Amino acid sequence: MDKSMLGDLDALPEEDKLRMASMIDQLQIRDSLRMYNTLVERCFTDCVDTFRRKTLDKQEETCVRRCAEKFLKHSMRVGMRFAELNQGAATQD
């Protein structure tokens, strides 16, 4: 976990800081799993049409790769934009 996230919690007792750090870690893990599940569901639904084989055919594999790349690039861009907005809000205070 990024310790700068706890910067405003300096007044809390150490036990509460540890509890907050643990909660933040759990939320980050949950969000990562949610993003992964969304990616898998979206790309599978969009790209896999039939279950003819155990493996993906070339067209499905290409579709899944492109879908995953687009999803991850989009998620990274949204995260960067969110960070920019947070930084801008922090400087206005």
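As named in an unreviewed UniProt entry, the protein chain is Mitochondrial import inner membrane translocase subunit, taken from Salvia divinorum. Under the heading Subcellular location (unreviewed entry), UniProt records this for the protein chain: "Mitochondrion inner membrane". Under Subunit (unreviewed entry), UniProt gives the following word-for-word description of the protein chain: "Heterohexamer; composed of 3 copies of TIM9 and 3 copies of TIM10, named soluble 70 kDa complex. The complex associates with the TIM22 component of the TIM22 complex. Interacts with multi-pass transmembrane proteins in transit."

Asks: Where do I start with the overall build of the protein chain in this structure?
Replies: Secondary structure assignment for the protein chain yields two helices and zero strands. In the protein chain, once contacts between residues fewer than 6 apart in sequence are set aside, the share between residues at least 24 apart is 36%.

Asks: Mind showing me how you'd approach the side chain of Glu 60 here?
Replies: Among the secondary structure elements, Glu 60 is positioned in helix α2 (residues 58-92). No salt bridge is formed by the buried Glu 60; the nearest opposite charge belongs to Arg 52, separated by 4.6 Å. When neighbours within four sequence positions are excluded, Glu 60 is seen to be in contact with Cys 47, Val 48, Asp 49 and Thr 50.

Asks: Looking at this structure, I do not really get the state of the cysteines. What am I missing?
Replies: Each disulfide is one covalent bond, formed between the sulfur atoms of two cysteines. This structure, assessed with the given rule, holds two disulfides. A sulfur-sulfur separation of 2.1 Å characterises the disulfide bridge that pairs Cys 43 with Cys 67. When the S-S torsion is -90°, as for the bridge of Cys 43 with Cys 67, the disulfide is left-handed. With Cys 43 in helix α1 (residues 14-47) and Cys 67 in helix α2, the pair connects residues that are 24 residues apart, well separated along the chain. Each sulfur in the disulfide pair Cys 47 and Cys 63 lies 2.1 Å from the other. On the S-S bond that ties Cys 47 to Cys 63, the torsion sits near -70°, and the link is left-handed. Within this pair, whereas Cys 47 is found in helix α1, its partner Cys 63 is found in helix α2, the two being separated by 16 residues in sequence. Judged by relative accessible area, Cys 47 falls into the buried class, the value being 4%. Accessibility expressed as a relative area gives 27% for Cys 63, which makes it partly exposed. Each disulfide in the protein chain links cysteines that, numbered along the sequence, combine into the pattern 1-4, 2-3.

Asks: Quick question: what am I supposed to make of the packing of α1 against α2 here?
Replies: Close contact between α1 and α2 brings their axes to 9 Å; oriented N to C, the two are set at 145°. Here α1 runs over α2; the crossing is right-handed. Between α1 and α2, the residues in contact are Met 35, Thr 38, Leu 39, Arg 42, Cys 43, Asp 46 and Cys 47 and Glu 60, Cys 63, Val 64, Cys 67, Ala 68, Phe 71, Leu 72 and Ser 75, respectively. Classifying every residue of the contact of α1 with α2 gives ten nonpolar, two polar and three charged.

Criteria and cut-off values
- Residues numbered from 1 in each chain as written.
- Predicted model: local features only at pLDDT ≥ 70, side-chain atom pairs only at ≥ 80, totals over all residues.
- Heavy atoms only, no water.
- UniProt positions renumbered as here; feature names shortened; annotations may be inferred.
- Helix = DSSP H or I, 4+ residues; strand = E, 2+ residues; numbered from the N terminus.
- Contact = heavy atoms within 4.5 Å.
- Buried < 20%, exposed > 50% of the residue type's maximum accessible area, 1.4 Å probe, protein only.
- Lys, Arg positive; Asp, Glu negative; His and termini not counted.
- Salt bridge = Lys/Arg side-chain N within 4 Å of Asp/Glu carboxyl O.
- Disulfide = S-S within 2.5 Å.
- Axes fitted to C-alpha atoms, helices over the stretch in contact; angles between N-to-C directions.
- Left-handed = near helix turned anticlockwise from the far one by under 90°.
- Nonpolar A, V, L, I, M, F, W, Y, C, P; charged D, E, K, R; others polar.

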